[in-house]
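Descriptive structure summary
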Amino acid sequence: GCGACTVMITSYDMRKKKPIHRAVNACLTPLLSIHGCHITTVEGLGSRKQGYHPIQTTLAENHGSQCGFCTPGIVMNMYSLLYERD
């Protein structure tokens, strides 16, 4: 997949007793495999109306995209990495 449809999936690891965050291509992920998971889309991070997430703002201010097609995927991958580090 190209990554334009990347979303963050959050599930709970019962053994580690903590949430697990991972970026996946929504177009390639079977629906049944994410049953009970929380899904965050790029639209859920921020918008002009509600205010942008710092990742979105930083990427835009530093000219971090070219045509913009894959930018949502880049944003969601960075967001998932930041969440997983915590």
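Basis of the calculations
- Residues numbered from 1 in each chain as written.
- Predicted model: local features only at pLDDT ≥ 70, side-chain atom pairs only at ≥ 80, totals over all residues.
- Heavy atoms only, no water.
- Helix = DSSP H or I, 4+ residues; strand = E, 2+ residues; numbered from the N terminus.
- Contact = heavy atoms within 4.5 Å.
- Pairing = 2+ DSSP bridges.
- Axes fitted to C-alpha atoms, helices over the stretch in contact; angles between N-to-C directions.
- Core = buried A, V, L, I, M, F, W, Y, C linked by side-chain atoms within 4.5 Å.
- Buried < 20%, exposed > 50% of the residue type's maximum accessible area, 1.4 Å probe, protein only.
- Arc of directions from axis to C-beta.
- pLDDT = per-residue confidence, 0-100.

With that out of the way, let us pick up the side chain of Thr71. For Thr71, the position within the fold is in helix 3 (residues 71–85). For Thr71, the contacting residues outside a window of four places in its chain are Leu59 and Ser65.

Strand order in the open sheet formed by three strands is 2-1-3, and the pairing between neighbours is antiparallel. Of all the strands in the sheet, just strand 2 (18–25) and strand 3 (38–40) have a single pairing partner and so form its edges. If you compare each strand with its neighbour and ignore which way they point, the axes differ by 25° on average.

Here we take up the environment of Cys2. Counting through the fold element by element, Cys2 comes out in the segment before strand 1 (6–13). Sequence separation between Cys2 and Glu61 is 59 residues; the distance between their C-alpha atoms is 24 Å.

All right, on to the nonpolar core then. By size, the foremost hydrophobic cluster in this structure holds eight residues: Met8, Val42, Leu45, Ile55, Leu59, Val75, Met76 and Tyr79. Those residues in contact with Val75, other than ones at most four positions away along the chain, are Val42, Leu45, Ile55, Gln56 and Leu59.

Further remarks concern helix 2 (residues 54–61). Owing to its 3.6 residues per turn, the α-helix aligns residues three or four sequence positions apart on the same side. When helix 2 is considered as a whole, its buried residues turn out to be Ile55, Gln56 and Leu59. Across the axial projection of helix 2, the buried residues extend over an arc of 100°, all falling on one side. Opposite the buried face of helix 2, by more than 90 degrees, sit the exposed residues Pro54 and Glu61. Tucked inside the fold, the buried residues of helix 2 contact helix 1 (42–45) and helix 3.

It is worth spelling out unusual backbone geometry at this point. Although it is not a glycine, Lys17 sits at a positive phi angle of roughly 55°. Given a relative accessible area of 63%, Lys17 falls into the exposed group.

Below, the discussion takes up the confidence of the model for the chain. With 98% of its residues at a pLDDT of at least 70, the chain reaches an overall mean of 91. The least confident element of the chain is helix 3, whose mean pLDDT is 89; the most confident is strand 3, at 96.

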